[in-house]
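What follows is the residue order along each chain.
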Amino acid sequence: MADIVELPDSPKIGRARRVLLRRLIDFVALPATAAAPQDRSMAGDILLDMLFHATEEERIFCAQRLKITKEAPRRLMRYLAQCKVEVARYVLEDNEVYDGSDLCEFIDNTTLEHRLLIARRKRIDPAVAERLCKRDEPAVLKALLQNNGAVIPEAGMDQLVEHSRKHESLTALIIKRLELIPSQAMAMFWWSDGATRRAILQRQAADRLELVDLCSDVFAIAAEESWNDPIATKTLQLIERRQRNRRAIRQSEFDSLEHAVEVAAEKGLNPEIAQEIGFLAGVKPVTIAKILSDAGGEGLAVLCKATGLKRAYLPLLWKALRRPMELDTGEPHPQFAYVRETYELLSVAKAQTTLRYWNWSLSASYAPRPAADVSSEEELAPAQEQYSASERTARLVFGR
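Owing to the predicted nature of the structure, the values given are computational and were not obtained by experimental measurement. (Residues numbered from 1 in each chain as written. Predicted model: local features only at pLDDT ≥ 70, side-chain atom pairs only at ≥ 80, totals over all residues. Heavy atoms only, no water.)

Draft legend 1. Highlighting helix α4 (residues 74–81). Along α4, the residues classified as buried are L76, M77, L80 and A81. Down the axis of α4, the buried set is contained in an arc of 135°. They therefore lie on one face. Looking at the buried residues of α4, the elements they touch are α1 (15–28), α2 (37–52), α3 (56–65), α5 (85–92), α6 (100–109) and α7 (112–119). (Buried < 20%, exposed > 50% of the residue type's maximum accessible area, 1.4 Å probe, protein only. Helix = DSSP H or I, 4+ residues; strand = E, 2+ residues; numbered from the N terminus. Arc of directions from axis to C-beta. Contact = heavy atoms within 4.5 Å.)

If you want it as structure tokens, here you go:
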């Protein structure tokens, strides 16, 4: 092969050892039909013992010679993969002899440079990808996300989304992965850049039409029971067509959601009015607080479109937050222009799904636990945190 160097001469090593090392390397590299497995295994054991006492150049030569062979004994190949990266690179990135167990061991016991080579392998199974995702190593995570041959499991994507809170450059790569699910995307929305946020809003939100049809008769059943089941009520709130809270409108000092926004634009958005806007819009205090405090402002576009607020009310909300509408030159402020464009691009159905998903998941962080004795709660809580989409999303957004 063109990139294989000759076995180097060394004044410290006799010719006999160099010749023997070369012969053993050639033997273990023979095709499968050219040597008996027992002989190959014995030769591999002898070669491995010689490599313990070899120079770095000799190990590099061996790794180059065995770069693509699948027949060399696994113990020998595992040793080469865990040598210094100058040696390991020849076998670790391309050789298919290693299984998931081997690669997970290398991830735990080698260096960042080794893990970078693993992340670039042509095929990466879910167990190996998840092990890579556990480490906070941006270069490795980027290489993994850019690798179309990697299969990233849901638990690994959860970890990647969590890493992206600190390393925002990951979000643009994560959004391109087919393994990303809506709960992860909706959590990542809050710390993503504008382009990634827009991609999340357009690609990850569903219109819920099939769910609404499937559960249409359940709303009547829940109403007959006076909505006394909090779990059913919370779930139906995520599915139903109407967004605004009609009961809150009857109890509010404002005539409508539009009236509340108009007053906020005139007087400024104090906590009381902000909370009232949330009630009228049918969302929890933590959700409206997250939307109104978000620096990007795309959440305002979602809120307006989901609740049926006409486009004229978006600048009123922007004004209520005392954010600039124009630059000193009189031109529209680019951030507001971007948010206004987001409003126009969103469909009502997808905006409602997004708002309800936020409301459903974010409020899980503050939802009271159901009454239960301590022992049963301790037993159930770990499973709820691990498997519940709303619990996982809330923890991703607000941190652990």
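Draft legend 2. The arrangement of the side chain of R121 in detail. Position of R121 among the secondary structure elements: in the loop between α7 and α8 (126–133). An unpaired buried charge is present at R121: no salt bridge exists, and E96, the closest side chain of opposite charge, is 6.9 Å distant. Apart from the residues lying within four places of it in its own chain, the contact partners of R121 are V91, L92, E93, D94, N95, E96, Y98, L103 and N147. (Lys, Arg positive; Asp, Glu negative; His and termini not counted. Salt bridge = Lys/Arg side-chain N within 4 Å of Asp/Glu carboxyl O.)

Draft legend 3. Broad picture of the nonpolar core. L47, L66, L144, I174, I277 and W358 are the most contacted members of the largest nonpolar core, which totals 104 residues. Of all the elements, helix α21 (residues 298–307) adds the most residues to this core, at six residues. Filtering out sequence-adjacent residues up to four positions away, L47 remains in contact with L21, L24, I25, V28, C62 and L76. (Core = buried A, V, L, I, M, F, W, Y, C linked by side-chain atoms within 4.5 Å.)

Draft legend 4. Region of interest: the environment of A306. Position of A306 among the secondary structure elements: in helix α21. Once residues within four sequence positions are removed from consideration, A306 is found in contact with Q243, A351, Q352 and L355.

Draft legend 5. Here's a closer look at the pattern of salt bridges. A complete count under the given rule lists 17 salt bridges for this structure. Where E105 meets R78, a salt bridge forms, and the shortest distance between an N and an O atom there is 2.3 Å. Taken together, the positions of E105 in helix α6 and R78 in helix α4 put the pair 27 residues apart, joining distant regions of the chain. Residue class for E105 comes out partly exposed when judged on its relative accessible area of 26%. Assessed through its relative accessible area of 24%, R78 is described here as partly exposed.

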